[in-house]
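An overview of the molecular structure
Below are the chains, spelled out letter by letter.
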Amino acid sequence: MTNQTQQALVYQTDNSLQAHCIKGLLLQHGITAQLSGESLFGAIGELPANIQIEITVEHSEQARALEIIEKAMHSQQGQDWFCPQCGEKNAASFEVCWQCQTEKQENNND
Ligand SMILES: [Zn+2]
């Protein structure tokens with residue numbers, strides 16, 4: 001009953017959109033992240049402001065997750081991009097749309 005998987009903190013933000021973005025990013029790398037406070041959210045679109053969100057992963061994947069996040073944060077070379085699916089603006093470092101998880105279209109590189 002107390003046999004929960006040990007979770008390790010990898011990122012903390014009060015920006016729920018960013019939190020979901022990072023969660024999607026990690027998922028792309030096969031890492032399932034959990035957002036604390038996510039259960040407080042109602043339907044997407046009614047995100048309360050000023051809630052500190054903690055992103056956690058399984059303890060064994062913490063190092064990898066941190067690496068992925070750090071790499072994403074530092075690879076801001078590209079331009080912000082607009083999702084072809086929903087039109088939302090996304091930071092260059094993210095591979096999927098934060099809103100609808102549509103993959104970024106690689107038109108600029110290669
Ligand atoms: Zn989208």
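Above this text is the structure in question.
All values derive from a computational prediction rather than experimental measurement. (Residues numbered from 1 in each chain as written. Predicted model: local features only at pLDDT ≥ 70, side-chain atom pairs only at ≥ 80, totals over all residues.)

1. Quick word on the sheet that holds strand β3 (residues 53–58)
As a reminder, the rule being used: Strand pairing is assigned whenever DSSP detects at least two bridges linking the two strands. Numbering goes from the N terminus for both helices and strands, where a helix is a DSSP run of H or I of at least four residues and a strand is a run of E of at least two. Contacts are defined on C-beta atoms placed from the backbone: any two residues whose C-beta positions lie within 7 Å are in contact. A fitted line through C-alpha atoms serves as each axis, taken over the contacting stretch for helices, and the angle formed by two N-to-C directions is quoted from 0 to 180°.
With antiparallel pairing, three strands are arranged side by side in an open sheet as β1-β3-β2. Both outer strands of the open sheet, β1 (7–13) and β2 (34–35), are each paired with one neighbouring strand and no more. Contacting β1, β2 and β3, helix α1 (residues 16–28) runs over the sheet at an angle of about 15° to β3.

2. So, the packing of α1 against helix α2 (residues 62–74)
Selection criterion: In what follows, roughly perpendicular refers to angles from 65 to 115 degrees, roughly parallel to angles under 35, roughly antiparallel to angles over 145, and oblique to any angle outside these ranges. Helix crossings are classified by the rotation of the near helix relative to the far one: an anticlockwise turn of less than a right angle makes the crossing left-handed, while a clockwise turn makes it right-handed. Throughout this entry, Asp, Glu, Lys and Arg are counted as charged residues, while Ala, Val, Leu, Ile, Met, Phe, Trp, Tyr, Cys and Pro are counted as nonpolar. The remaining residues, Gly among them, count as polar.
Look at α1 against α2: their axes get within 10 Å of each other, and the N-to-C directions meet at 120°. Relative to α2, α1 is oriented oblique. In this structure, α1 crosses over α2, and the sense of that crossing is right-handed. Facing I22, L25 and L26 of α1, the residues of α2 in contact are A65, I68, I69 and A72. Here the residues of the contact of α1 with α2 sort into seven nonpolar, no polar and no charged.

3. Digging into the nonpolar core
Just so we agree on the cut-off: Each nonpolar core comprises buried Ala, Val, Leu, Ile, Met, Phe, Trp, Tyr and Cys residues, the members being joined through C-beta atoms within 7 Å. As a rule, residues whose C-beta atom has 12 or fewer other C-beta atoms within 10 Å are exposed, those with 20 or more are buried, and those in between are partly exposed; C-beta atoms are placed from the backbone.
Within the largest apolar cluster, 15 residues are counted, with the highest numbers of intra-cluster contacts made by I22, L26, A33 and I55. Among the elements of the structure, β1, α1 and β3 are those that each provide at least two residues to this core. For this core, the element with the most residues is α1, which contributes five residues. For A33, the contacting residues outside a window of four places in its chain are I22, K23, L26, L27, I55, T56, V57 and A65.

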